[in-house]
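Structural overview
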Amino acid sequence: MIIVTGASGTLGRPLTRALRAAGADVRGLSRGAGEPADGMAWARGDLATGEGVRAALEGAETIVHCASDPRHPKSDLPAARNLIEAAREQGAPHLVYVSIVGVDRIPYRYYTIKHTVERMIEKSGLPYTILRATQFHSLPAAVLDYLSRAPGVMPLPTGLRCQPVEVAEVADRLAGFALGAGPVRRADDMGGPEVLTLEEMARTYLLARGRRRTRLPLPVPGRAMRGFRAGLHLAPGGATGRRTWQEFLDASFPR
């Protein structure tokens, strides 16, 4: 049995599909679990408080921890703590965790908390696998949509590059770890097949959306932005993804 936290999220949905397609007994962990739907069974447990989590993990051989809240990142800490404690009490199942490339090098609040969760898992005594991935295609697409909402102009932070990766490909890799022979501790980082400048991505995004905007360079200060400009969030040696940014745009915004 495999328990997936965040099973209804952007990554959790393709992950659970991949696991079910492989014949695994998959259950999503939710504090409001209801009846099985779309082939998905749910186990009731609240990561925020720990209530019901121990019972939900009973019989689980593997846990894939995808639940995260970028809007309230501090909530990730008690959630991880409660999950780890419950897993210890249930025979130490294999814990698979998805993180982000650069969490240990960029002083961005959400990244810092993701790195703290990594360290909690490493010190937990549980068998574990941690996979760091670059940003999913949907994130820069959402950022570019926001930046292009003003009529006529599109401010673009200067000096930024991105290596977007297809979420379904990350899901497939996590599924491989969950179904594999055992934990690998720190897996090789995973990134998309190309590193693009934000300017290049904005130009193709505007074409795909049929929008005309004058792109204005916008210098953004701060230590975190220096880290992003330095490319500390990229994984050029882990370009194992296949779907390109243009392929994502063509599928998302067909002409």
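Everything that follows concerns the structure shown earlier in this document.
Below is a summary of the structure that appears in this document. Everything numeric here is computed off the predicted structure, so don't read it as measured data.

Time to look at helix H9 (residues 245-252). What H9 keeps buried is the set Trp 245, Phe 248 and Leu 249. Axial view of H9: buried residues confined to an arc of 95°, hence all on one face. Looking at the buried positions of H9, the neighbouring elements they touch are helix H5 (138-147), strand E10 (196-197) and helix H7 (198-209).

Structurally, Asp 46 is set in the loop between strand E3 (41-44) and helix H2 (53-56). If sequence neighbours within four positions are ignored, Asp 46 has contacts with Arg 31, Glu 51 and Val 53.

Inspection of every chain in the model, using the stated rule, returns 13 salt bridges. A salt bridge links Asp 145 to Arg 209, with the nearest nitrogen and oxygen atoms 3.6 Å apart. Of this pair, Asp 145 sits in helix H5 while Arg 209 sits in helix H7, and the two are 64 residues apart along the sequence. Looking at Asp 145, the relative accessible area reads 18%, which means it is buried. Accessibility expressed as a relative area gives 32% for Arg 209, which makes it partly exposed. Overlapping salt bridges bring together Asp 104, Arg 105, Glu 118 and Arg 132 as one network.

It is at 10 Å that the axes of H7 and H9 come closest, and there the two elements cross at 20°. Between H7 and H9, the angle falls in the class roughly parallel. The handedness of the crossing between H7 and H9 comes out as right-handed. For the pair formed by H7 and H9, the contact residues are Met 201, Thr 204, Tyr 205 and Ala 208 on the first element and Trp 245, Gln 246 and Leu 249 on the second. Class assignment of the residues belonging to the contact of H7 with H9 gives a composition of five nonpolar, two polar and no charged.

Moving on to the environment of Pro 107. Of note, Pro 107 is situated in the loop between strand E5 (94-100) and helix H4 (109-122). Spatially, the C-alpha atom of Pro 107 lies 16 Å from that of Arg 71, the residues being 36 residues apart in sequence. Setting aside chain neighbours within four positions, we find Pro 107 in contact with Thr 112, Arg 223 and Ala 224.

Turning next to the nonpolar core. Ranked by size, the top nonpolar core spans 27 residues in total, and within it Val 4, Leu 11, Leu 15, Leu 19, Val 64, Val 170 and Leu 174 carry the most contacts. Within the residue set of this core, elements represented by two or more residues are strand E1 (2-5), helix H1 (12-21), E5, strand E6 (128-133) and helix H6 (167-179). Top element by residues in this core is H6. It accounts for seven residues. In this view, Leu 19 contacts Ile 2, Val 4, Ala 24, Val 26, Ala 175, Ala 178 and Leu 179; residues no more than four positions away in its chain are not counted. Counting 25 residues, the second-largest nonpolar core is a separate cluster that includes Tyr 111, Leu 156, Met 201 and Phe 228.

Criteria and cut-off values
Residues numbered from 1 in each chain as written. Predicted model: local features only at pLDDT ≥ 70, side-chain atom pairs only at ≥ 80, totals over all residues. Heavy atoms only, no water. Buried < 20%, exposed > 50% of the residue type's maximum accessible area, 1.4 Å probe, protein only. Helix = DSSP H or I, 4+ residues; strand = E, 2+ residues; numbered from the N terminus. Arc of directions from axis to C-beta. Contact = heavy atoms within 4.5 Å. Salt bridge = Lys/Arg side-chain N within 4 Å of Asp/Glu carboxyl O. Axes fitted to C-alpha atoms, helices over the stretch in contact; angles between N-to-C directions. Parallel < 35°, antiparallel > 145°, perpendicular 65-115°, else oblique. Left-handed = near helix turned anticlockwise from the far one by under 90°. Nonpolar A, V, L, I, M, F, W, Y, C, P; charged D, E, K, R; others polar. Core = buried A, V, L, I, M, F, W, Y, C linked by side-chain atoms within 4.5 Å.

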